[in-house]
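The residues making up each chain are set out below.
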Amino acid sequence: MADQVEELNPSKLGTREYWDEFYLREKSNFQENPNDTGECWFSDSNAQNVMIRFLELLATDEPEMVDEQESTFLDLGTGNGQLLIGVREAGFEGLLTGLDYSAPSIEFARGVYAAEFPDEQEGSDYEFLHADFLASHDWNTTNRQWDVVLDKGTLDAIALADIKYGELTGVQAYPRQVSAFARQLVLITSCNFTEQELIKIMTRDGLFEVFKTVPYPTFEFGGVKGQTVCTIAFTKTK
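All values reported here derive from a predicted model rather than from experimental measurement.

Enquirer: So, the overall build of the chain: which residues are in play, and what are the values?
Expert: Broken down by element type, the chain carries eight helices and 11 strands. The C-alpha radius of gyration computed for the chain amounts to 17 Å, which stays within 12% of the reference 18 Å derived for 238 residues, consistent with globular compactness. Principal-axis analysis of the C-alpha atoms gives the chain an extent of 50 × 40 × 40 Å. By the burial criterion, 49% of the 238 residues in the chain qualify as buried. Pairs at least 24 residues apart make up 75% of the contacts formed inside the chain by residues separated by at least 6 positions. Of the roughly 11500 Å² of accessible surface on the chain, 48% is carried by carbon and sulfur atoms.

Enquirer: Requested: an account of the pattern of salt bridges, with residues and values cited.
Expert: This structure, assessed with the given rule, holds nine salt bridges. A salt bridge links Arg 88 to Glu 120; its shortest N-O distance comes to 2.8 Å. Of this pair, Arg 88 sits in helix 4 (residues 82-89) while Glu 120 sits in the loop between helix 5 (103-116) and strand 3 (126-130); the two residues are 32 residues apart in sequence, bridging distant segments of the chain. The shortest N-O distance in the salt bridge between Glu 122 and Arg 110 comes to 2.9 Å. Within this pair, whereas Glu 122 is found in the loop between helix 5 and strand 3, its partner Arg 110 is found in helix 5, the two being separated by 12 residues in sequence. Given the relative accessible area of 33%, Arg 110 is considered partly exposed.

Enquirer: Mind laying out the pairing of strand 1 (residues 73-76), listing which residues take part and the relevant values?
Expert: In strand 1, alternate side chains face the same way, and those of Phe 73 and Asp 75 on one face and Leu 74 and Leu 76 on the other are all buried. The sheet contact formed by strand 1 and strand 2 (residues 96-100) spans four bridges and is parallel. Along strand 2, the bridge assignment pairs Asp 75 with Gly 98. In the classification by handedness, the crossover that spans strand 1, the intervening helix 4 and the parallel strand 2 is right-handed. Examined bridge by bridge, strand 1 and strand 4 (residues 146-152) share four bridges and lie parallel to one another. From the neighbouring strand, Asp 75 faces strand 4, where its bridge partner is Leu 150.

Enquirer: Any chance you could break down helix 8 (residues 195-203) for me, citing the residues and the numbers?
Expert: Within the span of helix 8, buried status applies to Glu 197, Leu 198, Ile 201 and Met 202. Along the long axis of helix 8, the arc covered by the buried residues comes to 125 degrees, so they all point the same way.

Enquirer: Requested: an account of the nonpolar core, with residues and values cited.
Expert: Leu 55, Val 66, Phe 73, Val 87, Leu 150, Leu 185 and Leu 187 are the most contacted members of the largest nonpolar core, which totals 39 residues. When residues of this core are traced back to their parent elements, those giving at least two are helix 2 (16-32), helix 3 (47-61), helix 4, helix 5, strand 3, strand 4 and strand 7 (182-190). A per-element tally of this core places helix 3 first, with eight residues. The residues touching Val 87, leaving out its near neighbours within four places in the chain, are Ile 52, Leu 55, Phe 73, Phe 92, Leu 96 and Leu 150. The next biggest cluster of nonpolar side chains, apart from the first, holds 29 residues, and it includes Phe 133, Ile 158, Phe 193 and Phe 234.

Enquirer: Report on the state of the cysteines, specifying residues and quantitative values.
Expert: By definition, a disulfide links the sulfur atoms of two cysteines through a covalent bond. Evaluation of the coordinates by the stated rule reveals zero disulfides. This cysteine, Cys 191, is not joined by any disulfide, and Cys 230 carries the nearest cysteine sulfur, 9.0 Å off. Residue Cys 191 is classed as partly exposed on the basis of its relative accessible area of 37%.

Enquirer: Would you mind going over the UniProt feature "domain: Methyltransferase" (unreviewed entry) in the chain in detail, with residue names and values included?
Expert: As annotated by UniProt and renumbered to match this structure, "domain: Methyltransferase" (unreviewed entry) occupies residues 69-202. Spanning residues 69-202, this segment combines 36% helix with 25% strand, and its end C-alpha atoms are found 28 Å apart.

Enquirer: Please give an account of the layout of surface pockets that cites residues and values.
Expert: If you add up the space inside the largest pocket, you get close to 670 Å³. Taken together, 38 residues make up the lining of the largest pocket; nearest its centre are Trp 19, Gly 77, Gly 153, Thr 154 and Ala 157. For the lining of the largest pocket, the elements supplying multiple residues, two or more each, are helix 2, strand 1, helix 4, strand 2 and helix 6 (154-159). In terms of residue class, the lining of the largest pocket is built from 20 nonpolar, 12 polar and six charged.

Definitions and limits used
- Residues numbered from 1 in each chain as written.
- Predicted model: local features only at pLDDT ≥ 70, side-chain atom pairs only at ≥ 80, totals over all residues.
- Heavy atoms only, no water.
- Helix = DSSP H or I, 4+ residues; strand = E, 2+ residues; numbered from the N terminus.
- Rg over C-alpha atoms; globule rule 2.2 N^0.38 Å.
- Buried < 20%, exposed > 50% of the residue type's maximum accessible area, 1.4 Å probe, protein only.
- Contact = heavy atoms within 4.5 Å.
- Areas by Shrake-Rupley, 256 points an atom, 1.4 Å probe, with all protein chains shown as cover.
- Salt bridge = Lys/Arg side-chain N within 4 Å of Asp/Glu carboxyl O.
- Pairing = 2+ DSSP bridges.
- Right-handed = clockwise from strand over helix to strand, strands pointing away.
- Arc of directions from axis to C-beta.
- Core = buried A, V, L, I, M, F, W, Y, C linked by side-chain atoms within 4.5 Å.
- Disulfide = S-S within 2.5 Å.
- UniProt positions renumbered as here; feature names shortened; annotations may be inferred.
- 1 Å grid on protein atoms, 1.4 Å probe; cavity = no way out; pocket = protein on both sides within 12 Å on 5 of 7 lines; lining within 4 Å.
- Points joined across faces, edges and corners; volume = space filled by probe spheres on them.
- Nonpolar A, V, L, I, M, F, W, Y, C, P; charged D, E, K, R; others polar.

Here it is as structure tokens:
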């Protein structure tokens, strides 16, 4: 169950220090070789393309949920910004915002995105913000909301952090914080949680409900079927 996953031993993957060091190296590699834009997480599952394809189909079939011209996107734990680059390449024209608590990540993502789309203007077409959204609302003093909130592996890293937010673990605090700036849709990809666990995390406070689960190829081992990652779209209930 999700509660048991929350109680896993802390890992270096849940520390800011790890990600600062990681993205300092990635930034340095990019400066030496502009073709080296960093690691694409969950590439073995093709998760980024799966998420973007889901958004493309949604924009075609249910444009009231996602609009290609107008919808705004917020990427939690943006890392190198590759997910937002993929969203833009898919033809979505709205403001793209990347958020990360690692300052080197934000510096790196800015450089990668600007190199990919040199004609776009930072601040009007895209932005990258340095903030810990679990710890504070100070980064969002105007109470902005985004039409689509994206998370590819960030909730996984939060689950490995030995940090409390008041009486709550990071995983418990996550849906409460996200509900403040998600206007409608939250699309999460996880490798640490099963579909059932992820659904429990996001729905137990009554703030979100399942909109759609995104299919992946499954494997079978010992008569049990499974998959390496899961992606679920949630909508707000309040």
